[in-house]
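# A structural walkthrough
Okay, here's what each chain looks like letter by letter:
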Amino acid sequence: MTAPVPPPPGGERRLHVLTPLRRAWVPIAATAGLVAQQGERAQEWALALPVWLRLAVLAGLVLVFGTYGFLSWWFTHYAVTDSELRIRTGLVFRRTAHIRLDRVQAIDVTRPLLARVAGVAALRIDVIGTEDKDELAFLAEPDAVALRAELLARAAGFAPAEATALGEAPDRELLRVTVRDLAVSLLLALDTWAALAAGLVGPVLVWALSSSPWAALVALLPLLGAVWKGSAARFLTGYDWRVAESPDGLRLDHGLLDRAHETVPPGRVQTVRIVEPLLWRRRGWVRVELNVAGSKNGILVPVATREAAHALVARVLPGADVAALSFAPSPRRGARWAVPVWWKGYGLAVSRELFAARRGLLCRRTEIVPHAKVQSVRRTRGPWQRVCGVADVHVDTGAGNTVTARLRAAEEATALLYGQAARSRTSRAAARPDRWMA
Amino acid sequence: METGTTGETDRPAWAGLPGGLLSLRRLLLVVWTAVLTAATALPLGLLAGAEWAALGAIWLPALVWGWVLLGRNWRSWRYAERADDLLISRGVLWHRETVVPYGRMQLVEVTSGPFERRFGLASVQLHTAAAATDAKIPGLAPDEAERLRDRLTELGEARSAGL
């Protein structure tokens, strides 16, 4: 692998030469599926043909798909200008995506297993309202890393010449999840066992009821998918999870087979969720999840001690002090009748920077939103809640999720509604600019 | 135009909705009740005898009840423009109150359906980056709707903030 040559600024570039192989996959898979479906007929039909014709058909198919892959590669260009990333695709239907760099939420380098073997990587750019198409797949690995660094540097407001020369900003490791901790945490999570139990009990139940092993098999397949997602897939994505700090945000590297390299720029996080499953609490472990507008990254760290998690949250939400939050429970008088037993899990804390709501008795979830990220505030009250003298307060954020403080006393909820609106306004005025390093 | 204040703003000056929306909804209620009554009474009268057609009257209590409910619901709708945010309050049994800061508005929409136009009504809807924001004021007079739209747009630009 040679060092990437810095291309002329503003010039158009192409994707990696191996990309056609990936593009050609789709029609090849479709044809294979068709042949498999038609099975015997296709075989009969093929056997009826003379050998040379069979070879010709095969060659024709390879040629057609190869041409398709080649053309789609040939007509895909990307260019980086001062303010935007331009991706031009399409032979018949042309499509040009202009991605404004100051609106970029995050840039991830992903390396699926096959791509790792081939030494290429995909670059995914998260912008609000973006489609899946807005990714550059594939680039040579060093190119992908260099381009990512360049885009981030430009988005942060560095001059173009500086941006290419700067390279990837250095990082400092904050946290690394050991394989043992990850495995133990998954074993202690009830949902892993629930998935496993469902995978075992479901088919047996279907078998017993329908007395047909085929029905059980059919039921087993989707369940196996769920079991896989709930256990092994979580292990594979969480393997060797590393959180590092760099000037352009927090870096997340993780994955056993598919390596992902994600960046969470500061100031783009809308909500943080701290999840504490029942069996983790004795060990003081938590999982931290994130909501970034326009991004699919969901997890900040799969398992960490509470102190480490709080330190990480303070980096993601600058100025946030989660440990100092003191949660006030719902008023016993009304809440007891509105939601029996489970009302004990509800809690609310409002600090100078944060609005935090807690819920859940067995698996405790704490959702935290900075005042500056609040889009609108709502207070709702149903007839039964009215009788009990309680109300819910919802805080809506831009990442499409809502943090709800449930069952607050009626007067408190009203004060909270107006107070939250005022707090969001004042902290918005003090919020950082969009170019985060400038 | 007032400038942004940082502390608690003044007490909201609530405004209700004009009567047009109530008339429209009540008219629709009467029409639907009439249709339902006819659909119940006619087949019964033709098939089972004229006295059975009186069963169509079961819809009358529904009409009275709906009439009262619509009135209560209409009275519960109110909105207030404060210096920095818009307040919308509505609902009798399920009461909801929404606060949308002007700086968070992405889009203001004025819509008017065929029935609404006939009654001289228009709705104003505010969109923020959060899909859950449900800030819609129905049944405004078109002049008021346009005034509100212009004012909200102006204030939204003046107090604009990113995500």
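Criteria and cut-off values
Note that residues are indexed from 1 along each chain, following the sequence as it is written. Written order decides the labels, with chains lettered from A and ligands numbered from 1. The predicted nature of this model means local features are confined to residues of pLDDT at least 70 and side-chain atom pairs, given and counted, to a pLDDT of 80 or more, with totals for whole chains, interfaces and linings taken over all residues. Computation of side-chain values: all heavy atoms of the structure, hydrogens and water removed. Should any heavy atoms of two residues lie within 4.5 Å, those residues are counted as being in contact. Buried area is understood as the total, over both parts, of accessible area removed when two parts are fitted together, assessed with a 1.4 Å probe. Any Lys or Arg side-chain nitrogen located within 4 Å of an Asp or Glu carboxyl oxygen qualifies as a salt bridge. Every helix listed is a DSSP run of H or I at least four residues long, and every strand listed is a run of E at least two residues long, numbered separately from the N terminus. When DSSP locates at least two bridges between a pair of strands, those strands are taken to pair. UniProt positions are given in the numbering used here, feature names are shortened, and annotations may be inferred rather than shown by experiment. Summary of the metric used: pLDDT quantifies the predictor's per-residue confidence within the range 0 to 100. Residue exposure (1.4 Å probe, protein chains only): buried if accessible area is under 20% of the type maximum, exposed if over 50%, otherwise partly exposed. What qualifies as a polar contact is a pair of N or O atoms within 3.5 Å, subject to a donor-acceptor requirement within protein and to the restriction that residues adjacent in sequence count only when both atoms come from side chains.

## Some words on the interface of chain A and chain B
Tallying the contact residues gives 29 residues for chain A and 30 residues for chain B. Carbon and sulfur atoms supply 49% of the area that chain A and chain B bury against each other, a total of about 2400 Å² over both sides. Inspection of the chain A/chain B interface yields one salt bridge. Those elements that provide at least two residues to the side of chain A that touches chain B are strand 19 (374-381), helix 12 (383-388), strand 20 (390-397) and helix 13 (410-429) of chain A. Where strand 19 of chain A and strand 4 (residues 95-101) of chain B come together, five bridges link them in antiparallel fashion. Of the residues in strand 4 of chain B, the one forming a bridge with Arg379 of chain A is Glu97 of chain B.

## Comments concerning the UniProt feature "transmembrane region" (unreviewed entry) in chain B
Residues and elements named next belong to chain B. Residues annotated in UniProt with the feature "transmembrane region" (unreviewed entry) correspond here to residues 27-46 and 52-70. Annotated as residues 27-46, this span is 100% helix and 0% strand, and its ends, taken at the C-alpha atoms, are 28 Å apart. Its end C-alpha atoms 30 Å apart, residues 52-70 is made of 63% helix and 0% strand.

## A word on the confidence of the model for chain A
Low-confidence regions, as indicated by low pLDDT, have predicted coordinates that should not be scrutinised in detail. Residue and element names in this part refer to chain A. Scored by pLDDT, chain A comes out at a mean of 81, with 85% of its residues at no less than 70. Below pLDDT 50 for its whole length, residues 1-9 participates in six contacts with residues either more than four positions away or in separate chains. Scored below 50 in pLDDT, residues 433-438 makes 21 contacts in the model with residues more than four places away or belonging to other chains.

## Examining the pairing of strand 20 of chain A
Residue and element names in this part refer to chain A. With respect to burial, strand 20 is a largely interior element, eight of its eight residues being buried. Every second residue of strand 20 is oriented toward a common face, with Val390, Asp392, His394 and Asp396 on one face and Ala391, Val393, Val395 and Thr397 on the other, all of them buried. Looking at chain direction, strand 19 and strand 20 are connected through six bridges and run antiparallel. Across the sheet, Val377 pairs through a bridge with Val395, a residue of strand 20. In this structure, strand 20 lies alongside strand 21 (residues 402-409), joined through six bridges in antiparallel fashion.

## A word on the environment of Thr67 of chain A
Residues and elements named next belong to chain A. Structurally, the position occupied by Thr67 is in helix 2 (residues 51-74). Linking Thr67 and Pro20, residues 47 residues apart in sequence, is a C-alpha distance of 8.8 Å. A distance of 2.4 Å separates a polar atom in the side chain of Thr67 from the backbone oxygen of Leu63.

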